[in-house]
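Observations on the model geometry
One-letter residues, chain by chain:
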Amino acid sequence: MNKNTLNISLILIFVLAFIGFNSLYVVTEGTKGIVTRFGKVVRDSEGKLQIVDPGLHLKAPFIDQVKALDVKIQTISSSADRFVTSEKKDVIIDSYVKWQILDAATYYLTTAGGNKMQAEELLRRRINNSLRSQIGRLTIHQIVSGQNSGKNQATEEENVFDSSDSEVVAVASQSKRDEVMQNALKDIGASAKALGIKIVDVRIKQINLPPEVSNSIYQRMRAERDAVAKLHRSQGRKEAEAIKAHADREVVVKIAEAERQARTLRGEGDAEATRIYAQAYKQNPQLFEFLRSMDAYKKSMSSGKDVLVLKPDSEFFKFFNDANGAKGTN
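Quick notes on the rules
- Residues numbered from 1 in each chain as written.
- Predicted model: local features only at pLDDT ≥ 70, side-chain atom pairs only at ≥ 80, totals over all residues.
- Heavy atoms only, no water.
- Helix = DSSP H or I, 4+ residues; strand = E, 2+ residues; numbered from the N terminus.
- Buried < 20%, exposed > 50% of the residue type's maximum accessible area, 1.4 Å probe, protein only.
- Contact = heavy atoms within 4.5 Å.
- Areas by Shrake-Rupley, 256 points an atom, 1.4 Å probe, with all protein chains shown as cover.
- Patch = residues over 30% accessible without salt bridge, like charges linked within 9 Å, V, L, I, M, F, W, Y side chains within 5 Å.
- Salt bridge = Lys/Arg side-chain N within 4 Å of Asp/Glu carboxyl O.
- 1 Å grid on protein atoms, 1.4 Å probe; cavity = no way out; pocket = protein on both sides within 12 Å on 5 of 7 lines; lining within 4 Å.
- Points joined across faces, edges and corners; volume = space filled by probe spheres on them.
- Nonpolar A, V, L, I, M, F, W, Y, C, P; charged D, E, K, R; others polar.
- Expected span 1.5 Å × (residues − 1).
- Core = buried A, V, L, I, M, F, W, Y, C linked by side-chain atoms within 4.5 Å.
- pLDDT = per-residue confidence, 0-100.
- Axes fitted to C-alpha atoms, helices over the stretch in contact; angles between N-to-C directions.
- Left-handed = near helix turned anticlockwise from the far one by under 90°.

Observations concerning the overall build of the chain
- Scanning the chain from N- to C-terminus turns up 9 helices and 12 strands.
- Burial analysis of the chain (330 residues in total) assigns 23% to the buried set.
- Restricting to contacts in the chain with at least 6 residues of sequence separation, those with at least 24 account for 65%.
- Summing over all exposed atoms, the chain offers an accessible surface of approximately 23,300 Å²; the carbon and sulfur share of this is 55%.

Some words on a nonpolar patch on the surface
- A surface patch of nonpolar side chains, about 400 Å² in accessible area, is lined by Ile19, Phe38, Phe62 and Ile63.
- With respect to the helices, strands and loops of the structure, Ile63 is situated in the loop between β5 (55-58) and β6 (64-70).
- For Ile63, a relative accessible area of 30% translates into the label partly exposed.

Looking at the layout of surface pockets
- Each pocket or cavity is described by its volume, and for the largest pocket that value is around 340 Å³.
- Lining the largest pocket we find 13 residues, and of these Ile140, His141, Val144, Ile217 and Arg220 sit closest to its centre.
- Every element with two or more residues in the lining of the largest pocket is listed here: α4 (140-145), β12 (197-208) and α7 (211-283).
- Across the lining of the largest pocket, the residue classes break down as 6 nonpolar, 3 polar and 4 charged.

Some details on the pattern of salt bridges
- Evaluated as defined, the whole model comprises 10 salt bridges.
- For Asp70, the salt bridge goes to Lys72, with nearest N and O atoms at 3.0 Å.
- Judged by relative accessible area, Lys72 falls into the partly exposed class, the value being 42%.
- A salt bridge links Arg125 to Glu121; the shortest N-O distance between them is 3.8 Å. Here Arg125 pairs with Glu121, and both are found in helix α3 (residues 116-135), just 4 residues apart, close to one helical turn.

Looking at α3
- An ideal rise of 1.5 Å per residue puts 28 Å on 20 residues; α3 measures up with 27 Å between its terminal C-alpha atoms.
- Every buried residue of α3 is accounted for by Ala119, Glu120, Leu122, Leu123, Ile127, Ser130, Leu131, Gln134 and Ile135.

Description of the nonpolar core
- Membership of the largest hydrophobic core comes to 36 residues, with the highest contact counts inside it found for Trp99, Leu123, Ile197, Ile199 and Val202.
- Contributions of two or more residues to this core are made by β9 (90-101), α2 (104-110), α3, α4, α6 (176-192), β12 and α7.
- When sequence neighbours within four positions are dropped, the list of residues in contact with Ile199 reads Val97, Lys98, Trp99, Leu123, Leu185, Ile188, Gly189 and Ala192.
- Membership of the second largest hydrophobic core comes to 5 residues, among which are Tyr25, Val27, Val35 and Val42.

A closer look at the confidence of the model for the chain
- Scored by pLDDT, the chain comes out at a mean of 77, with 79% of its residues at no less than 70.
- Of all secondary-structure elements in the chain, the lowest mean pLDDT belongs to strand β11 (residues 167-170), at 32, while α7 reaches the highest, 90.
- Confidence drops under a pLDDT of 50 for residues 149-174, and excluding neighbours within four residues, the segment shows 20 contacts in the predicted structure.

Some words on the packing of α3 against α6
- Interhelical geometry of α3 versus α6 gives an angle of 145° and a closest axis separation of 9 Å. Here α3 runs over α6; the crossing is right-handed. Where α3 abuts α6, its residues Leu123, Arg126, Ile127, Ser130, Leu131, Gln134 and Ile135 lie against Val180, Met181, Asn183, Ala184, Asp187, Ile188, Ser191 and Ala192.
- In terms of residue class, the contact of α3 with α6 is built from 9 nonpolar, 4 polar and 2 charged.

Focus: the side chain of Glu120
- Inspection of the secondary structure assignment puts Glu120 in helix α3.
- Relative accessible area serves as the criterion here: at 13%, Glu120 is assigned to the buried category.

Structural data, given as structure tokens:
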């Protein structure tokens, strides 16, 4: 084999390899491919767009191009927007939507060749319109708390648990906000199908109030809290007075009972002392009389300045004249 033949063979091998390389393409996992030929979408025998699943595929080299569409779940974070509630009050809601390509062919045709930015812009319009309609059915309280109000809420709370055959069955109670968001999900999902898109979920990320509404609500909340605080303080004072009155009554009762018992004990003690003295005096009346007289002398003459005006033969001085108490004669 001469040198020219070898060069031609190498060139042919290189050309064939290059053509073969450009004839193969890979659609990665999580994407689907749309094949275009000279800028036009390749269709099958039935006239439908040819959708290529993940894997290794063949295409006409140089003339076919492959557009990859991401079919994984995507997120649209809408900017905070102002909505009007059923009370005709404004709220600023920041929401997000999870979506996914359901029909790649429809998506490609309705979004100018699979333009993601255009698809999200179309979805934002639908989302905004649906949320505006659904939020208009709620009050601010229902939006913020996520609960029903009034009779519906009481009914749900009563039906939270139901027992049957000794088994407790939890009955799902859906909040008003969740119910409205599910309705919004259905509305958006129905309109998104026309774009070949599936709406996976719609959620409220943040709820704010306009400054003019926030101030009025904060003032009302402060007034309500003040009223509750005053009620608690008044109830506290009432209970304190009741406790104090009860304690004072208990003190009076206990003191009276203690004084009664003290008087009883004192009376019993005096009676017992009198009995003991009487028994002692019966044993030696003269000694008792002498001791009593000595006590009387001591008490009446202890200061040294006492003046007694008595007769010399007075009964008071009988022990002065005679140790036995016999009256002396002048």
